[in-house]
Amino acid sequence: MKTSRVSFAAALAAGSVLLLSGTAFAHVSVQPVGEAAKGGYATLNFKVPNERDNAATTQLEVNFPVDQPLTSVMPQDIPGWTSTVEKTKLDKPLTVHGKQVNEVVTKVTWTGGKIETGKFQQFPVSVGKLPENADQMVFKAIQTYDNGEVVRWIEEPKEGAAEPQTPAPVLKLTAAGADHHDAAKKPADEAKNSDSAHKDSHDEAAAKSGSDTTARALGVAGIVIGLGGVAFGVASRRRTS
């Protein structure tokens, strides 16, 4: 009997560990496709697993940080799901690519689809420009099940502390690369290369045209000489007769 009690306690403890670890790791998260460089644009995947055995996820709401405004947020179409983008007016307009921007996206909500038990769904979003003076962005997400349960993934992780029970998705930003700094230079280089290629093409066409003209002139001269020879032969024959 004592052995049975010990085995039961061990099994219960192991089950608790698995349950807690599942809760800790199977949460809504965000990862970039490639990298998310400061000051640039990126495609983000919000990954949503279904943690319930008796319900399906039917809605995801992702809130974008208002203190790190994004002027461009474009959700990708997902079969069976409908996305709704909400914007808010800015107290102070932003200048992006030389244009004044008066509103930014604050929330994207997906509805209409289902994430069944034991499955997950990714929700891709193209965003930009990412902040230049931050190392990360925190997106607070709300997951809704078809049984009415709502899970708020809104707790901000703190460095050195244990992971919260319902952590918010965190996007790590990388340092701006050479591609970002040289973005303005690239169009000029492309235009220069295009002009050079156009000039080479023009020179080649001119040379070809000159060669064709010379060949035509030589051909005409040959025909004239040939006709002259024929006429001379006919005249000589008549004199002989």
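Our next topic: the sheet that holds strand 2 (residues 42-49). Remark on secondary structure: sheet strands pair via backbone hydrogen bonds, oriented parallel or antiparallel. Reading across the sheet, the 4 strands line up as 1-2-7-4 and stay open at both edges, with antiparallel pairing between neighbours. Each end of this open sheet is capped by a strand with a single partner; those strands are strand 1 (29-32) and strand 4 (72-75). Here the average twist between neighbouring strands, direction ignored, is 30 degrees.

With that settled, the discussion passes to the pairing of strand 7 (residues 120-128). Within a regular strand, the side chains alternate between the two sheet faces. Two strands pair when backbone bridges link them, and strand 2 and strand 7 are joined in this way by 8 bridges, in the antiparallel orientation. In the strand pairing of strand 7, threonine 43 is matched with serine 126. The pairing of strand 4 with strand 7 spans 4 bridges and is classified as antiparallel. Across the sheet, the residue bridging to valine 73 is valine 127, located in strand 7.

Looking now at the environment of valine 62. For valine 62, the position within the fold is in strand 3 (residues 57-63). Look at valine 62 and you get buried, because its relative accessible area is 0%. Valine 62 sits 16 residues away from phenylalanine 46 along the chain, and the two C-alpha atoms are 8.7 Å apart.

To continue, consider the pattern of salt bridges. Within this structure, the stated rule accounts for 5 salt bridges. The salt bridge partner of arginine 52 is glutamate 51, with a shortest N-O separation of 3.9 Å. On the basis of relative accessibility, which here comes to 23%, the residue arginine 52 falls in the partly exposed class. Glutamate 51 gets classed as partly exposed once you look at its relative accessible area, which sits at 23%.

Looking now at the nonpolar core. In this structure, Phe46, Phe64, Trp110, Phe123 and Phe139 are the most contacted members of the largest nonpolar core, which totals 32 residues. Put simply, the parts of the chain that give this core at least two residues each are strand 2, strand 3, strand 6 (99-115), strand 7, strand 9 (140-145) and strand 10 (150-153). In this structure, phenylalanine 46 is in contact with Ser29, Val30, Leu60, Val62, Gln121, Gln122, Phe123, Val125 and Phe139, ignoring residues within four places of it in sequence.

Counted according to the given criterion, the structure contains 4 aromatic pairs. Plain terms: the ring middles of phenylalanine 46 and phenylalanine 139 are 5.4 Å apart, the flat faces sit at 85 degrees to each other, and that makes the pair edge-to-face. Linking phenylalanine 46 in strand 2 with phenylalanine 139 in the loop between strand 8 (136-138) and strand 9, this pair joins segments that are 93 residues apart in sequence. When its relative accessible area of 0% is taken as the criterion, phenylalanine 46 is described as buried. Overall, phenylalanine 139 belongs to the buried group, its relative accessible area being 0%. Seen in terms of ring centroids, phenylalanine 64 and phenylalanine 139 are 5.3 Å apart; in terms of plane orientation they differ by 85 degrees. Their pairing is edge-to-face. Remark: phenylalanine 139 occurs in the loop between strand 8 and strand 9 and phenylalanine 64 occurs in the loop between strand 3 and strand 4; sequence separation between them is 75 residues. Each member of the pair, phenylalanine 64 together with phenylalanine 139, is buried. Cluster of aromatic residues (ring-pair linked, three or more members): Phe46, Phe64 and Phe139. Positioned above the aromatic ring of phenylalanine 120, the side-chain terminus of lysine 47 is 4.7 Å from the ring centre.

Cut-off values and rules
Residues numbered from 1 in each chain as written. Predicted model: local features only at pLDDT ≥ 70, side-chain atom pairs only at ≥ 80, totals over all residues. Heavy atoms only, no water. Pairing = 2+ DSSP bridges. Helix = DSSP H or I, 4+ residues; strand = E, 2+ residues; numbered from the N terminus. Axes fitted to C-alpha atoms, helices over the stretch in contact; angles between N-to-C directions. Buried < 20%, exposed > 50% of the residue type's maximum accessible area, 1.4 Å probe, protein only. Salt bridge = Lys/Arg side-chain N within 4 Å of Asp/Glu carboxyl O. Core = buried A, V, L, I, M, F, W, Y, C linked by side-chain atoms within 4.5 Å. Contact = heavy atoms within 4.5 Å. Phe/Tyr/Trp six-rings, centres within 6.5 Å; stacked < 30°, edge-to-face > 60°. Lys NZ or Arg CZ within 6 Å of the ring centre and 35° of its normal.

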